[in-house]
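Below are the chains, spelled out letter by letter.
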Amino acid sequence: MFVATLDGIFKYSDLPEEYEPYVQFKATIEKREIKNTDEIAILNIAGTSTHHVLFLDSYTNVSEIEAELKDADAKINHTTLKIIGGHI
């Protein structure tokens, strides 16, 4: 199992360019139109060269995020979970 740690939480309008492909991919999967005001968490998946994107308004609690990451064979670290929980 991989460990997911927080790279950052950004408004879409402030998203660093390096994360854009990951955000676009996740938006396509969710059939979501991205707004500049969307708050997005970017997680680094340790041991891989990928990132996991969370559109924070899609979740009502951190358990939903933990379940999503479990499906991706990843576990979110405690500090990251607390930070994201404060934004949901």
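Further up the page is the structure itself.
Residues numbered from 1 in each chain as written. Predicted model: local features only at pLDDT ≥ 70, side-chain atom pairs only at ≥ 80, totals over all residues. Heavy atoms only, no water.

Digging into the nonpolar core
Just so we agree on the cut-off: Here the nonpolar core consists of buried residues drawn from Ala, Val, Leu, Ile, Met, Phe, Trp, Tyr and Cys, with membership extended through side-chain atoms lying within 4.5 Å. A 1.4 Å probe rolled over the protein chains alone gives each residue an accessible area, and that area as a share of the maximum for its type sets the label: buried under 20%, exposed over 50%, partly exposed in between. What counts as a helix is a DSSP run of H or I of at least four residues, what counts as a strand is a run of E of at least two, and both are numbered from the N terminus.
With 13 residues, the main nonpolar core has Leu43, Leu54, Ile65, Leu69, Ile76 and Ile84 as its most contacted residues. When residues of this core are traced back to their parent elements, those giving at least two are β2 (39–45), α2 (62–71), β4 (74–76) and α3 (78–85). Ranked by residue count, the leading element in this core is β2, at three residues.

Focus on the packing of aromatic side chains
In plain terms, the rule: The aromatic pairing rule takes the rings of Phe, Tyr and Trp, using the six-membered ring of Trp, and pairs them if the centres are within 6.5 Å, calling planes under 30 degrees apart stacked, those over 60 edge-to-face and the rest tilted.
Tallying each qualifying case throughout the model produces one aromatic pair. With a centroid separation of 5.8 Å and 35 degrees between ring planes, the pair formed by phenylalanine 10 and tyrosine 19 is classed as tilted. Exposure remark for phenylalanine 10: the relative accessible area of 18% places this residue in the buried category.

A word on the pairing of strand β1 (residues 2–11)
Selection criterion: Paired strands are those between which DSSP finds at least two bridges.
Alignment of β1 against β4, held across three bridges, turns out to be parallel. Among the inter-strand pairings, alanine 4 is bridged to a residue of β4, identified as isoleucine 76. Here seven bridges tie β1 to β2, and the two strands are oriented antiparallel to one another. What sits directly across from isoleucine 9, in β2, is alanine 41.

Brief notes about the sheet that holds β2
Rules: Note on method: axes are straight lines fitted to C-alpha atoms, helices fitted across the in-contact stretch only, with angles between N-to-C directions ranging 0 to 180 degrees. Contacts: residue pairs with any heavy atoms within 4.5 Å of one another.
Judged by pairing direction, the sheet is mixed, and its four strands sit side by side in the order β3-β2-β1-β4 without closing on themselves. Strands at the two margins of the open sheet, each flanked by one partner only, are β3 (51–55) and β4. Going from strand to strand, the sheet's axes swing by 35 degrees on average, the running direction of each strand aside. Where β2 and β3 come together, five bridges link them in antiparallel fashion. If you follow alanine 41 over to β3, its bridge partner there is leucine 54. Set on the sheet, helix α1 (residues 20–30) makes contact with β2 and β3; between it and β3 the angle comes to about 55 degrees. Against the sheet, α3 engages β1, β2, β3 and β4, with an angle of about 30 degrees to β1.

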